[in-house]
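In case you want the letters, here they are:
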Amino acid sequence: MVDVTEKEMDNPTFRSDTVLSDVHLHCPNKRHLMVRLNAVGQPVFLSYFKILWNTEDSASEKHVREVTTGREHQYSSGDELCDKDRDNIKKERELNSKGVEALLDADGDLEVVRRPRSASDLEAEDLLRDIVCPVILMKGADVSEDEEQECTCSDVVKIEHTMATPLEDVGKQVWRAAFLLADYILFKRDTFRCCSVLELGGGTGITSVIMGTVAKRVYCTDVGEDLLAMCEQNIALNKHLMEPGGGEVKVRELDWLKDEFCTDPEGSFSWSEEEIADLHDHCSVIMAADVFYDDDLTDALFRTLYRITHNLRKSCTIYLALEKRLNFTLRHMDITCEAYSHFRNNLNDLENLQDGNIKYTVEPIKVDFCQFLVYERIEQL
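As a starting point, this report considers the structure included with it. (Residues numbered from 1 in each chain as written. Predicted model: local features only at pLDDT ≥ 70, side-chain atom pairs only at ≥ 80, totals over all residues. Heavy atoms only, no water.)

A word on the overall build of the protein chain
Link 1 in the chain: Each helix and strand in the protein chain was counted, giving 12 helices and 14 strands.
Link 2 in the chain: Going through the 381 residues of the protein chain one by one, you find that 43% of them count as buried.
Link 3 in the chain: Total accessible area computed for the protein chain in this model is approximately 21100 Å², and 50% of it derives from carbon and sulfur atoms. (Helix = DSSP H or I, 4+ residues; strand = E, 2+ residues; numbered from the N terminus. Buried < 20%, exposed > 50% of the residue type's maximum accessible area, 1.4 Å probe, protein only. Areas by Shrake-Rupley, 256 points an atom, 1.4 Å probe, with all protein chains shown as cover.)

And the structure:
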């Protein structure tokens, strides 16, 4: 959505609306505590994300089972379920396992599964809303024993983030492609073990945290003092996850619109000459997640990739994760994905680049590897 204000009829000014990530809507039974306000007055929340190491019990299956079992428990706590309600719950489970075919009757007609209605149904609806909505509490107030225990678990990632921001601050939210890339890192741990890694557009730092559990060194980069401070806080919150493997995550500024690294000695997140040399000498992995939403920034990212890879002494693999976001446009009078199309064009140009010093090869990765984090792995990822 875009608001339009007009100082004059022939001189419109456009202001973008708030952008909201829906990642947290798919995290049942989690409370998101507001811990502070950031420098620009945005509420900052603290969320816990559990890593499910038992791959036989995938995160998506566990999520479905928790929600379905929870509903059955809620409805059975009031009046006894009638036969129709039991049938509906059965159909819901079949839908989760078999897809839309489970909803077709003998003649091939679509049967709509309706949620069971019981005497306690209204209370159950309120409970479901409470589960997925953030709890507005200040840090240290009314934190449950379970949350206190989660803080010390070796398989829980703690991330401070915002829930909604203007477009220019989307890095402060958590996005699905970051979870997808984190899943791939956990699935291919041996591939990244002891590597030196650069993340572009690291945002809250969740992917760098996961990479830091296996890699030797990770340079997590982005722009903006407030965002980088949040990212550094998240690295500190998850230091216990990286200590067993000896991994190190450094938060540094890297502006794609500039041709050089920030080396200002007064800057909090500037690069030292030794760090730049270390990156060029040892980096073998570059990664980025959900950073392709603006054409100008996409162009700048690919220029940055070209510049950095030209200075690397080792061959390098670049992992790019993104979500295709579909939009209806008046220009095309159709559903399009212009940001993704622009990304693909840049990717094709890079692969077809005629350069005697370096060769780029593009290979897709099938998104059928194990899911270790609870989120909705949609087909647009």
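What follows picks up the thread again.
Section: the packing of helix α11 (residues 295-310) against helix α12 (residues 338-351)
Link 1 in the chain: Direction vectors running N to C along α11 and α12 enclose 20°, while the axes themselves pass 10 Å from each other. As judged from the angle between their axes, α11 and α12 are roughly parallel. As for how α11 packs across α12, the hand of that crossing is right-handed. Within the contact between the two elements, α11 uses Asp295, Thr298, Asp299 and Phe302 and α12 uses Glu338, Ala339, His342, Phe343, Asn346, Leu347 and Leu350. (Axes fitted to C-alpha atoms, helices over the stretch in contact; angles between N-to-C directions. Parallel < 35°, antiparallel > 145°, perpendicular 65-115°, else oblique. Left-handed = near helix turned anticlockwise from the far one by under 90°. Contact = heavy atoms within 4.5 Å.)

Points about the side chain of Arg217
Link 1 in the chain: Tracing the backbone through its elements, the reader meets Arg217 in strand β9 (residues 217-222).
Link 2 in the chain: Under the relative-accessibility criterion, Arg217 is labelled buried at 19%.
Link 3 in the chain: Residue contacts for Arg217: discarding those within four places in its chain leaves Cys195, Ser196, Val197, Glu248 and Asp278.

Comments concerning α12
Link 1 in the chain: Taking 1.5 Å per residue, 14 residues should reach 20 Å; α12 reaches 20 Å between its end C-alpha atoms and fits that length.
Link 2 in the chain: Three or more residues of α12 are buried, namely Phe343, Asn346, Leu347 and Leu350. The buried residues of α12 occupy an angular sector of 100° when the element is viewed end-on, so they sit on one face.
Link 3 in the chain: Buried residues along α12 sit against α11 and β12 (317-321). (Expected span 1.5 Å × (residues − 1). Arc of directions from axis to C-beta.)

So, the environment of Gly212
Link 1 in the chain: Counting through the fold element by element, Gly212 comes out in helix α7 (residues 206-212).
Link 2 in the chain: The buried category is assigned to Gly212, whose relative accessible area is 0%.
Link 3 in the chain: Along the sequence, Gly212 and Gly246 sit 34 residues apart, while their C-alpha atoms lie 8.5 Å from each other.
Link 4 in the chain: Among all residues touching Gly212, those that are not within four sequence positions of it are Val218, Met242, Gly247 and Val249.

Concerning the pairing of strand β6 (residues 156-161)
Link 1 in the chain: When you tally the buried positions in β6, you get six out of six residues, the bulk of the element.
Link 2 in the chain: Of the two faces of β6, the one carrying Val156, Lys158 and Glu160 and the one carrying Val157, Ile159 and His161 are both buried.
Link 3 in the chain: Inspection of the sheet shows strand β5 (residues 43-50) paired to β6 by six bridges, in the antiparallel sense. Looking at β6, one finds that Leu46 is bridged to Glu160. (Pairing = 2+ DSSP bridges.)

A word on the sheet that holds strand β4 (residues 33-37)
The strands making up a sheet associate through backbone hydrogen bonding, with each pair oriented either parallel or antiparallel.
Link 1 in the chain: The three strands are arranged β4-β5-β6 in an open sheet whose pairing can be described as antiparallel. In this open sheet, the two edge strands, each paired with only one partner strand, are β4 and β6. For this sheet the average axis-to-axis angle between neighbouring strands, irrespective of direction, equals 30°.
Link 2 in the chain: Summarising the sheet, β4 and β5 pair through four bridges and their orientation is antiparallel. Each residue of the ladder has a partner; that of Leu37, found in β5, is Pro43.
Link 3 in the chain: On top of the sheet, helix α8 (residues 225-237) reaches β4, β5 and β6; it is set at about 160° to β6, its chief contact.

Quick look at helix α5 (residues 176-187)
Link 1 in the chain: Between its first and last C-alpha, α5 extends 17 Å over 12 residues, near the 16 Å set by a 1.5 Å rise per residue.
Link 2 in the chain: Summarising burial for α5: 11 of the 12 residues are buried, a large majority.
Link 3 in the chain: Every buried residue of α5 is accounted for by Arg176, Ala177, Ala178, Phe179, Leu180, Leu181, Ala182, Asp183, Tyr184, Ile185 and Leu186.
Link 4 in the chain: The inward-facing, buried residues of α5 contact β5, α6 (189-192), α7, β11 (283-289) and β12.

A short note on the environment of Cys370
Link 1 in the chain: Along the chain, Cys370 turns up in the segment after α12.
Link 2 in the chain: For the pair Cys370 and Asn54, spaced 316 residues apart in sequence, the C-alpha separation works out to 9.7 Å.

Remarks on the sheet that holds β11
Link 1 in the chain: Strand order in the open sheet formed by five strands is β10-β9-β8-β11-β12, and the pairing between neighbours is parallel. The sheet is open, and its two edges are formed by β10 (248-253) and β12, each paired on a single side. In this sheet, neighbouring strand axes are inclined to one another by 20° on average, regardless of whether the strands run parallel or antiparallel.
Link 2 in the chain: Strand contacts of α5: β11 and β12, with the helix running at about 145° to β11, the strand carrying the most contacts.

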